[in-house]
Amino acid sequence: MARTTRNVVFTDGVRTPFGKARPDGLFAGTRADDLVVACLRELLRRNPSLPPERVEEVAVAAATQTGDQGLVLGRSAALLAGLPVTTPGYAIDRWCAGAMTAVTTVSASIGVGALDVALAGGVEHMGHHPLGAGMDPNPRFLTERIVDPDALDMGKTAESLHDRFPALTKERADAFAAASQRKFAAAVAAGQVAADLVPVAVRDAQGAWGLASADELARPQTTVEGLASLRTPFRPHGRVTAGNASPLTDGATACLLAAEDVATELGLAPRMRMVGFGFAGVEPEVMGLGPIPSTEKALRHAGLGIGDIGLFELNEAFAVQVLSFLDHFGIADDDPRVNPYGGAIAIGHPLAASGVRLMTQLARQFSEQPEVRYGVTAMCVGLGQGGTVVWENPHHADFVPATDPATAGAR
């Protein structure tokens, strides 16, 4: 039987507020899987035209898949969210790009006709599961010098970027970090963030209930002068600090994806159309360079160039990592196309959840900027990888909707 590929659209995305990963943090008394469930339920509530039985797959990512982040997260969260028992699900891991990989994996299935509708997302409760907890790296990594010893410490990989590229100074990193805080504060004040947050019931150490409805990590009063005085924990007299890196974070995300013709049938308005994606590997000790080759790969597959991209949502694992991307592509540090709402330095980076946070923000920016046709979501990944997804704006004048399956493969 002849098979045609189909367009895949992102129709909705949500996230929990992001909290501090510490004993007194927002979600210290909340299970990781319950954070995912809150996101899945919210997607179903916000999209009443979608019959739950039409959801054919649930993919949920976590970097540490144990305890309340274990038990085949996609399937267990689907059941807990009230989806039919006939809805399958699975867990996925590409560390920081977990949710991004959940999206691209189910989208590939939708594209070839194996699925019509799917939910994808990620969670990381770094308060319950600290970065690297339970890992047992094979000793051959070091004894056979497969990687540099610093490759297994993300902060040291960021310091290595500063070493390799002298133009990536601490002053630039601090200025970028302070700008991220300012932009996020402005986005919150303008109502550009709360619209996609899922309130979550929380319980404190004394047993009192409350409602988490806003992010906890932002420091809107941050100044370059204040950042300059912070200590450098990864190296004496280094350049990476708590102020120009993303904080340890608890949170979850999820999104709704569908074949474009099926979205039309179900009354789900496309907020973005997937154009292409790419993942790539780099030297693990400079893992922050990963988004450069993954973006080049994704753009090549999409038949586009960097000049075609009108919006960039880049995960700010470290300021220096984003700056290396910008320098490579000849983009200014303060280019207004880059992270208009701020980024992970202000918002937080709950590892496997962050990819969908980038997508949800880009979708909202597309609606605000119909003159932009293409956007990118990209991120670096621990152990030396990068991931990038290229999206098209359905609000753009040149956007051509797919009207039936026979034309759904045409961009």
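A quick note: this is a predicted structure, and the numbers were derived from the prediction, not measured.

Chemist: How would you summarise the packing of aromatic side chains if you had to cite specific residues and measurements?
Modeler: Applying the stated criterion across every chain yields a total of 4 aromatic pairs. Arranged with centres 5.9 Å apart and planes meeting at 75 degrees, the rings of Phe 10 and Trp 391 form a pair that is edge-to-face. Here Phe 10, found in strand β1 (residues 8-15), pairs with Trp 391, found in strand β12 (residues 385-392); they are 381 residues apart in sequence, far enough to count as distant. Across this residue pair, the class does not change: Phe 10 and Trp 391 are buried. With centroids separated by 6.2 Å and ring planes inclined at 70 degrees, the aromatic side chains of Phe 312 and Phe 325 adopt a geometry described as edge-to-face.

Chemist: Talk me through helix α6 (residues 170-189); I want residue IDs and the actual numbers.
Modeler: Compared with an ideal rise of 1.5 Å per residue, which puts 20 residues at 28 Å, α6 spans 29 Å between its outermost C-alpha atoms and is within 8% of the ideal. Turning to α6, its buried residues number three or more, namely Lys 170, Arg 172, Ala 173, Asp 174, Phe 176, Ala 177, Ala 178, Ala 179, Ser 180, Gln 181, Phe 184 and Ala 187. Summarising the contacts, the buried residues of α6 are in contact with β1, α5 (154-164), α7 (224-228), α10 (319-328) and α11 (344-347). At the C-terminal side of α6, Gly 191 shows a positive phi close to 75 degrees.

Chemist: Before we move on, could you go through the side chain of His 349 and cite the residues and values that matter?
Modeler: If you trace the backbone, His 349 turns up in the loop between α11 and α12 (354-368). Side-chain polar atoms of His 349 contact the side chain of Asn 315, separated by 3.4 Å.

Chemist: Before we move on, could you go through the nonpolar core and cite the residues and values that matter?
Modeler: In terms of nonpolar packing, the biggest core is built from 117 residues, with Val 103, Phe 318, Leu 326, Met 359 and Trp 391 touching the most fellow members. It is helix α1 (residues 32-46) that provides the largest number of residues to this core, a total of 9 residues. If sequence neighbours within four positions are ignored, Val 103 has contacts with Ala 120, Cys 255, Leu 257, Met 274, Val 356, Met 359 and Trp 391. Counting residues in each nonpolar core, the second largest holds 9 residues, with Phe 18, Phe 184, Ala 187 and Leu 217 among its members.

Chemist: So, helix α9 (residues 291-302): which residues are in play, and what are the values?
Modeler: Here α9 is 12 residues long and its end C-alpha atoms lie 16 Å apart, about the 16 Å a rise of 1.5 Å per residue gives. Looking at α9, one finds that the buried residues are Pro 291, Ile 292, Ser 294, Thr 295, Ala 298, Leu 299 and Ala 302. Here the buried residues of α9 occupy an arc of 165 degrees about the axis, which is enough to place them on one side. Among the exposed residues of α9, those oriented more than 90 degrees off its buried face are Arg 300 and His 301. The elements touched by buried residues of α9 are β9 (272-281), β10 (309-314), α10, β11 (374-381) and β12. Downstream of α9 by one or two residues, Gly 303 has phi in the positive range, about 70 degrees.

Chemist: Tell me about the pairing of β10, and please be specific about residues and values.
Modeler: Counting buried residues in β10 gives 6 out of 6 residues, a clear majority hidden from the surface. The pairing of β10 with β11 spans 5 bridges and is classified as parallel. When the bridges of β11 are listed, Glu 313 appears paired with Thr 377.

Conventions we followed
Residues numbered from 1 in each chain as written. Predicted model: local features only at pLDDT ≥ 70, side-chain atom pairs only at ≥ 80, totals over all residues. Heavy atoms only, no water. Phe/Tyr/Trp six-rings, centres within 6.5 Å; stacked < 30°, edge-to-face > 60°. Helix = DSSP H or I, 4+ residues; strand = E, 2+ residues; numbered from the N terminus. Buried < 20%, exposed > 50% of the residue type's maximum accessible area, 1.4 Å probe, protein only. Expected span 1.5 Å × (residues − 1). Contact = heavy atoms within 4.5 Å. Polar contact = N/O pair within 3.5 Å; in protein donor to acceptor, adjacent residues only side chain to side chain. Core = buried A, V, L, I, M, F, W, Y, C linked by side-chain atoms within 4.5 Å. Arc of directions from axis to C-beta. Pairing = 2+ DSSP bridges.

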